[in-house]
Amino acid sequence: MPDFVASKIVKQYPTPGQPLTILDGVDLELDRGDQIAILGESGSGKSTFLHIAGTLDQPTSGTVSLFDRTLSTIPEKKLAAFRSEHIGFIFQQHHLLPQLSALENVLVPTLAVGSSTPEQLERAKSLLESVGLADRMDHRPALLSGGECQRVAVARALINQPGLILADEPTGSLDEENSALIGRLLLEIETDNPAILICVTHSQSLAAMFGRTVQLKHGKFV
Ligand code: ADP
Ligand code: MG
C-alpha cells in the first residue's frame, strides 16, 4: 500500500439548496520521496484538500491513509500528537510566534510531546543553517524579512522529521527571488528520511520546479 492514499475524497458544504460540492471524488497516491505540486484557481478546493490530508478537516466521504493508518480512525485526542509526529505544515503566512526567537520557533513542534531534547536543539540549529539563517537564530520574527520568516517556517515544519510535508501557497506572499529559494529548500533540503511533499501553489514557476503537478478543477484532479 502506498504511504499516502487519498481515496474518493468528497467534501461538501450544506447550503439551503443543493449542497456545495468542493471536492468531488479526489484520488491521490504517493510514496516517500514523491514531490507534487497542486495547482488550481482560487476557490477550487486546494486548501480544503490539504486540510483533509493533514487531519485538520474531515471529508464528507472517502478516506485518507498515511503510513497505513486510516486518518478517520485516529481518536480526536490523539490527532495533535499524530500530526506533530508525522506531518509538517507550511502556510502562506509563516505564523511564527513573535515573542520567540527563530531557534525557539523551530523547536515549537517538539513541545507537543514534552520538552525539546539536546538532539532536537542540534537539529533545529542545523536546519536553520541549511535554510541560510545560521547568523539569525536569536532574532525574533520582527527583525527578520518576510522571506527569512518563511525559511524559519520551513525549518519548523521539518524539525520532527515528518513523513508528510504539506505546504499551502508557501511562497504566496514572497517576491520571485525568495519564492525560488523557498522552492529549492522544499525540494532539496536534506532529510534523513525522504518525505512526501505536497505543495499547493498558483505560481507556475514554483510548480515548474516539481517533477509532478496536478490541477484541481471542478472538484477533481486533472
Ligand atoms: P483554494 O484553497 O483552492 O483557494 P479553498 O479550499 O479554501 O480553496 O475553498 C474552496 C471553496 O470552499 C471556496 O469556494 C470556499 O468558499 C468554500 N468553503 C471553504 N470553507 C467553507 C465553509 N466552512 N463553508 C462553506 N464553504 C466553504
Ligand atoms: Mg487556499
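Throughout, residues of each chain are indexed from 1 in the direction in which the sequence is written. Labels follow written order: the first chain is A, the first ligand is 1, and so on. Two thresholds apply to this predicted model, a pLDDT of at least 70 for residue-level local features and 80 or more for giving and counting side-chain atom pairs, whereas whole-chain, interface and lining totals are computed over all residues. Hydrogen atoms and water are omitted, and side-chain values are computed over all heavy atoms in the structure.

J.: Go over the layout of surface pockets, please, and point to the residues and values.
T.: Cavity and pocket criteria rest on a 1 Å grid covering protein atoms alone: a 1.4 Å probe that fits but cannot get out defines a cavity, protein on both sides within 12 Å along at least 5 of 7 lines defines an open pocket, and an atom within 4 Å of a point defines a lining residue. Grid points are joined across faces, edges and corners, and a volume is the space filled by probe spheres set on the points. Considered as a void within the structure, the largest pocket measures approximately 370 Å³ in volume. For the largest pocket, the lining is made up of 16 residues, of which Ser84, Ile87, Gly88, Phe89 and Pro109 are closest to its centre. In this description a helix means any DSSP run of H or I spanning at least four residues, a strand means any run of E spanning at least two, and both kinds are numbered starting from the N terminus. If you list the elements that add at least two residues to the lining of the largest pocket, you get helix 2 (76-86), strand 6 (87-90) and helix 5 (146-158). Think of it as three bins: nonpolar holds Ala, Val, Leu, Ile, Met, Phe, Trp, Tyr, Cys and Pro, charged holds Asp, Glu, Lys and Arg, and polar takes everything else, Gly as well. Among the residues making up the lining of the largest pocket, the classes are represented as 10 nonpolar, 4 polar and 2 charged.

J.: How would you explain the site of ligand 1 if you had to name every residue and give the values?
T.: Surrounding ligand 1, one finds Tyr13, Ile22, Glu41, Ser42, Gly43, Ser44, Gly45, Lys46, Ser47 and Thr48. In the analysis that follows, any N or O atom pair within 3.5 Å is treated as a polar contact, provided that within protein one partner can donate a hydrogen and the other can accept it, and provided that, for residues neighboring in sequence, both atoms belong to side chains. Take serine 44: an N or O atom from its main chain is 3.2 Å from an oxygen atom of ligand 1. Using the Shrake-Rupley algorithm and a 1.4 Å probe, accessible areas are obtained, with residue cover drawn only from the displayed protein chains. Expressed as a share of its isolated accessible area of 560 Å², the protein-covered part of ligand 1 is 57%. Residue classes in the shell around ligand 1 are distributed as 2 nonpolar, 6 polar and 2 charged. For each residue, the test is whether any non-hydrogen atom lies within 4 Å of the molecule or strand; if one does, the residue is near.

J.: Go over the sheet that holds strand 1 (residues 4-13), please, and point to the residues and values.
T.: Read from one edge to the other, the open sheet built from 4 strands follows the order 2-1-4-5, with strand pairing classed as antiparallel. Two strands lie at the open edges of the sheet, namely strand 2 (20-30) and strand 5 (69-70), each paired on one side alone. Pairing between two strands is assigned when DSSP locates at least 2 bridges connecting them. Direction of pairing for strand 4 (residues 61-66) relative to strand 5: antiparallel, over a ladder of 2 bridges. Bridging from a neighbouring strand, leucine 66 pairs with arginine 69 of strand 5. A contact between two residues is defined here by any heavy atoms of the two lying within 4.5 Å. Whenever a helix is involved, its axis is fitted only over the stretch in contact; in every case the axis is a line through C-alpha atoms, and angles between N-to-C directions fall within 0 to 180 degrees. Helix-sheet contacts for helix 1 (residues 46-53) involve strand 1, strand 2 and strand 4, and the interaxial angle to strand 1 is about 125 degrees.

J.: So what about the side chain of glutamine 120? Which residues, and what values?
T.: For glutamine 120, the position within the fold is in helix 4 (residues 118-130). Throughout this description, buried means an accessible area under 20% of the type-specific maximum (1.4 Å probe, protein chains only), exposed means over 50%, and partly exposed covers the range between. The exposure class of glutamine 120 is buried, given its relative accessible area of 19%. Among the polar contacts listed, one links the side chain of glutamine 120 to the backbone nitrogen of threonine 117, at a separation of 2.8 Å. In contact with glutamine 120, not counting residues within four places along its chain, are Leu107, Thr110, Ser115, Ile159 and Asn160.

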